[in-house]
Amino acid sequence: MAAGFFRKAAIEKLSTPEKLDQLIKVTSPRGWIALITITLILATGIIWAFFGNVKTKLNVVGVLLGGEIHEVVATSQGQLISLNVAIGDVVNEGDVIATVEQPELYQQIEEVKASLEERKFDLQQLLSFGNQDTRLQSELIQQQRTTIVMQIESEKKNLEFLRNQLDTEKGLLEQGLITRTQVVNTEQQIEASINTIESLKGQQVQTSSRKLNLGFDLQQKINMSKQRIAETERQLTYLQERYDIQTNIKSAHAGEVVELLTDAGVIVRQGSPLFKLKNQNQLTADNKLRGVLYIPSQDGKKIKEGMEALVVPSTVQPQEYGFMKGKVTYVSDFPITQKGMMMTVKNDQLVQGLLSQGALFEVYVEFEKDENSYSGFKWTSAKGPEVAINEGTSCMGKITVKSEPPAAIVVPALKKFFDLY
């Protein structure tokens, strides 16, 4: 009965429970596969921890610049009468692009013109009537000279008469026929006659000198008048050139007008920006597109020339096309000022937005070229987007500042965690 109640296999197992003659299965093949897999993962992790690289990157923002952007400014102060450009116009260097009213300078020019005409009239009068006046004065001097000569001759005759009279009176004085007073009186008359002759000779010399100086004086007056005319003409030329420069504003650069900054009728100051133009020739010639990026001051000194940079324009989705590859070519030594940013970016709103983050360092990035890419630049994706990358587009990106094994990161973190420093 008992044998029929229990199964034969159970009875055998109870009769020989040890089964020492059979192998025991420690693990299954699945277990071995899992163990080998875990071992490989751990080994790979350890190898990667010491021989792999983890890149530390800084996020950056900025703008893409290609052809240089220039601001054309007013060279004088006044009311802007006309602005001769529109967006899209091509401007050549030296073109007159605006007119600024200069009423004070115009009035000065008119006054100088009137003064010049007056001085020219005076010279014409001097040339017309100067010779006639000189001739009349010369004739008058000649008449005076003739009169003086006649007076000298008359006085010489009188002197001769007085000397003869003196000789006669001296003889009469010896005879006692006249007094000594008469002789002395005649001697005084002779002395006076001699003085008169000498005075007349002096007058004769003066008239000769005056006659010689007449032509010289006239020429001096003519020369002085011509000098005043030449000086006035130089002043007029200077004022006219100054008026042309301050009235007709000329472009110092060539390019395409991309933005107007003012309009006709506005009072502008010297140096006020009128419009912006883009120099397309430079971009077309060498495809020189670069990224100008701005880094917060606390991270600015971490960036060095030659570091790897990945930049993407705001018009491209980085999740789909990745980043443009480039290298850092310049890092400013000090945080850049607002004025310095304006010189580079040429956009007041963008500058204000960037400076809201605080003091910034300026970084230039040159992109790697790829002739097979539609944009002409190398991307982290296969070909990059099929869109043109235009200058003036805002951008963002990452700059690799450090590349080190993971173990070098973990160890300092553990030291810091356990306060082992």
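Only a predicted model underlies this, so the values are computations on that prediction, with no experimental measurement involved. Sequence order as written defines residue numbering, which begins from 1 separately in each chain. Residue-level local features of this predicted model are given only where pLDDT is at least 70; pairs of side-chain atoms are given and counted only at 80 or more, and the full residue set underlies all totals for whole chains, interfaces and linings. Side-chain metrics in this entry use all non-hydrogen atoms of the structure; hydrogen atoms and water are not considered.

*Asks:* Give a description of the overall build of the chain that names residues and reports values.
*Replies:* Numbering of helices and strands runs from the N terminus, with a helix taken as a DSSP run of H or I at least four residues long and a strand as a DSSP run of E at least two residues long. In terms of helices and strands, the chain carries 11 helices and 14 strands. Only protein chains enter the accessibility calculation, which uses a 1.4 Å probe; a residue whose area is less than 20% of its type maximum is buried, one above 50% is exposed, and one in between is partly exposed. Across the 421 residues of the chain, 31% fall into the buried class. Throughout, a residue-residue contact means that at least one pair of heavy atoms, one from each residue, lies within 4.5 Å. Long-range contacts, defined here as pairs at least 24 residues apart, represent 79% of the contacts in the chain between residues at least 6 apart. Counting every atom, the chain has about 27,900 Å² of accessible surface; 55% of that belongs to carbon and sulfur. In these tables, accessible area is a Shrake-Rupley quantity obtained with a 1.4 Å probe, and a residue counts as shielded only by the protein chains included in the view.

*Asks:* Outline the nonpolar core, listing residues and values.
*Replies:* Counting residues in hydrophobic clusters, the biggest one holds 26 residues, and the most contacted among them are Leu293, Ile303, Val328, Val363 and Ile399. In terms of residues, this core owes the most to one element, strand 11 (residues 308–313), which gives four residues. Other than its neighbours up to four places away in sequence, Leu293 contacts Val60, Val61, Gly62, Val311, Phe361, Glu362, Val363, Val365, Cys395 and Ile399. Nonpolar cores were defined as sets of buried Ala, Val, Leu, Ile, Met, Phe, Trp, Tyr and Cys residues, with membership established by side-chain atoms within 4.5 Å. One finds Ala74, Val85, Val100 and Leu277 within the second-largest nonpolar core, a separate group that totals 15 residues.

*Asks:* Talk me through the pattern of salt bridges; I want residue IDs and the actual numbers.
*Replies:* By definition, a salt bridge exists where a carboxyl oxygen of Asp or Glu is found within 4 Å of a side-chain nitrogen of Lys or Arg. For the coordinates displayed, the defined rule picks out four salt bridges. The closest approach of N and O atoms between Asp299 and Lys302, which form a salt bridge, is 3.1 Å.

*Asks:* Just give me the short version of the pairing of strand 9 (residues 273–278), but keep the residues and values in it.
*Replies:* Most of strand 9 is tucked away, with five of its six residues classed as buried. In this scheme, strands are said to pair when DSSP sees at least two bridges between them. With four bridges joining them, strand 7 (residues 255–260) and strand 9 adopt antiparallel strand pairing. By the bridge assignment, Leu260 is partnered in strand 9 with Phe275.

*Asks:* So what's going on with the packing of aromatic side chains? Residues and values would help.
*Replies:* What counts as a ring pair is set by centres within 6.5 Å for rings of Phe, Tyr and Trp (its six-membered ring), and what kind of pair is set by the plane angle: stacked under 30 degrees, edge-to-face over 60, tilted for all other angles. With the rule as written, the count across this model stands at three aromatic pairs. Relative to Tyr243, the ring of Tyr106 has its centre 6.3 Å away and its plane inclined at 45 degrees; by these criteria the two rings are tilted. Of the two residues, Tyr106 sits in helix 4 (residues 103–175) while Tyr243 sits in helix 5 (residues 180–247), which places them 137 residues apart along the sequence. Judged by relative accessible area, Tyr106 falls into the partly exposed class, the value being 43%. When its relative accessible area of 26% is taken as the criterion, Tyr243 is described as partly exposed. Relative to Tyr364, the ring of Tyr330 has its centre 5.0 Å away and its plane inclined at 50 degrees; by these criteria the two rings are tilted.

*Asks:* Please provide a residue-by-residue account of the confidence of the model for the chain, values included.
*Replies:* Residue-level confidence of the predictor is what pLDDT reports, using numbers from 0 through 100. Of all residues in the chain, 79% attain a pLDDT of 70 or more, and the chain-wide mean is 78. Of all helices and strands in the chain, the one with the weakest mean pLDDT is helix 6 (residues 280–286) (47), whereas strand 11 scores best (90). Considering only residues more than four positions removed or in separate chains, one finds that residues 282–286, a stretch of pLDDT under 50, has eight contacts.

*Asks:* Explain the sheet that holds strand 6 (residues 248–250) to me, and be specific about the residues and the numbers.
*Replies:* Strand order in the open sheet formed by four strands is 6-5-3-8, and the pairing between neighbours is antiparallel. Here the strands that pair on one side only, and so sit at the sheet edges, are strand 6 and strand 8 (267–268). Pairing between strand 3 (residues 78–83) and strand 5 (residues 96–100): three bridges, direction antiparallel. Following the sheet pairing, Ser82 is matched in strand 5 by Thr99.

*Asks:* Would you mind going over the pairing of strand 7 in detail, with residue names and values included?
*Replies:* Examined bridge by bridge, strand 4 (residues 90–91) and strand 7 share two bridges and lie antiparallel to one another. Looking at strand 7, one finds that Val91 is bridged to Gly255.

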